[in-house]
Amino acid sequence: MKAVVFDRFGEPRDVLQLRDVPTPPAPGPGEVRVRMTLTPINPSDLMTVRGVYGRLPTLPATPGFEGVGVIDAVGSGWLAKLRGIRPGRRVAVLNGHGGNWAEFVNLSARAVVPVADDLPDEQVAAFFVNPATAIVMTKRVLQVARGSWLIQTGAGSALGRMVIRLGKHFGFRTINIVRRKELAAELTQIGADAVLSSAEDNIPARVAEITAGAMVPCALDCIGGPGVVDVIQSLAPQGRLLVYGTLSGEKIPLDPRSLMSGQKAIEGFWLSEWVKQQGVFRMLSLFRQITSLMRAGVLTTPVAATFSLDQLPQAIERVEQSARGGKILLKIDVT
Ligand SMILES: NC(=O)c1ccc[n+]([C@@H]2O[C@H](COP(=O)([O-])OP(=O)(O)OC[C@H]3O[C@@H](n4cnc5c(N)ncnc54)[C@H](OP(=O)(O)O)[C@@H]3O)[C@@H](O)[C@H]2O)c1
């Protein structure tokens, strides 16, 4: 079968190769084999290839933490039967170990989610990583209250847009920081209450104006670097900031006094750690919630372009561009 492989960590354009590799064997007990159809290129995939992600694979490795595919074979065990997982069934593939950028992948039956026929492949390809992170951070960890404010950086990202739509859906208000002010109209249209520019606006002063001096109790950051200091200054007393990404690759230059006065807190969030603390039934309930919010247009992913595996270099070049206008997908199934 064809698979994308890297033998060493480095820049994706230098180290990723499309290769012929052995097809995985018949699945063992509790496992399934999936024929992959479509997979997104997410920041976590590229951080893994660069060797800077929180957990790294043994090399050689194949990237890909999520995607959509069709069940090809099912091993023995009750879980797959109980969940209606059988050959031919379309599933979202949540592969915490990576390896989805390949024609076939073997994984635990727990890691696939049968999906309703009305959800398009392009959305099911990005069923879990961003939708689950957006809903879990806002509704389960921060528990942003109806009518309350949340401020976020990287608001133009696929995940940032989900947070905006979740705000509209659940009734919390969002202040959204972007590096390109031209995104303001688009984000306002999907429900952003305010859009600020990290380059042009004095963030704490603008937040004070928008909230009539109350500042914000909850914040999300996926960028890192000096801009996070502005977000901390925008927090109300007892405010909480969740850091969940490092897109700038920069450290946060933090004066401890900025947390002490007001007793503010910074916490980290990583979906794969959160998932480990959940039982099967809580996960099934999360899958149901994501399905209904995806169907309602809340947890949807904008897609900029789809490339075939043969076009991997072009796909990587496109994904590294600023203002790319949505996710880049890899079409694995070329039949
Ligand atoms: N912790 C977790 O469990 C978890 C789970 C899921 C996702 N994440 C993180 O969530 C973040 C967003 O993921 P995504 O898939 O939604 O991303 P995405 O759709 O690929 O979008 C990336 C966005 O970040 C912006 N950006 C990139 N570098 C930037 C920088 N240096 N300064 C300011 N903006 C920058 C881009 O802005 P332009 O439009 O201007 O180019 C783009 O809007 C990533 O950091 C990802 O790792 C974390």
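What counts as what
- Residues numbered from 1 in each chain as written.
- Predicted model: local features only at pLDDT ≥ 70, side-chain atom pairs only at ≥ 80, totals over all residues.
- Near = placed C-beta within 6 Å.
- Helix = DSSP H or I, 4+ residues; strand = E, 2+ residues; numbered from the N terminus.
- Nonpolar A, V, L, I, M, F, W, Y, C, P; charged D, E, K, R; others polar.
- Domains from an automatic or database assignment.
- Pairing = 2+ DSSP bridges.
- Axes fitted to C-alpha atoms, helices over the stretch in contact; angles between N-to-C directions.
- Contact = placed C-beta atoms within 7 Å.

1. Let's talk about the site of the ligand
Okay, step 1: Every one of the 25 residues lining the ligand counts as a neighbour, but Ser-157, Ala-158, Leu-159, Gly-245 and Leu-271 are closest to it.
Okay, step 2: Secondary-structure elements contributing two or more residues to the shell around the ligand are helix H2 (43–50), helix H5 (129–141) and helix H6 (158–170).
Okay, step 3: At three residues, H5 tops the list of elements feeding residues into the shell around the ligand.
Okay, step 4: Here the residues of the shell around the ligand sort into 12 nonpolar, 10 polar and three charged.
Okay, step 5: Each of two domains, domain 1 (2–126 + 301–331) and domain 2 (131–271), supplies a minimum of three residues to the shell around the ligand.

2. Overview of the sheet that holds strand S12 (residues 235–243)
Each strand in a sheet pairs with its neighbour through backbone hydrogen bonds, running either in the same direction (parallel) or in the opposite one (antiparallel).
Okay, step 1: Pairing is parallel across the open sheet formed by six strands, whose spatial order is S10-S9-S8-S11-S12-S13. Two strands lie at the open edges of the sheet, namely strand S10 (194–197) and strand S13 (265–268), each paired on one side alone. Averaged over all pairs of adjacent strands, the angle between strand axes in this sheet comes to 20 degrees, irrespective of strand direction.
Okay, step 2: Strand direction decides the pairing type here: strand S9 (residues 173–178) and S10, joined by four bridges, are parallel. Note on S10: the bridge partner recorded for Ile-177 is Leu-196.
Okay, step 3: Relative to S9, H6 is tilted by about 160 degrees, and along the sheet it contacts strand S8 (149–152), S9 and strand S11 (216–221).

Everything listed is a geometric property; what it means functionally is a separate question.
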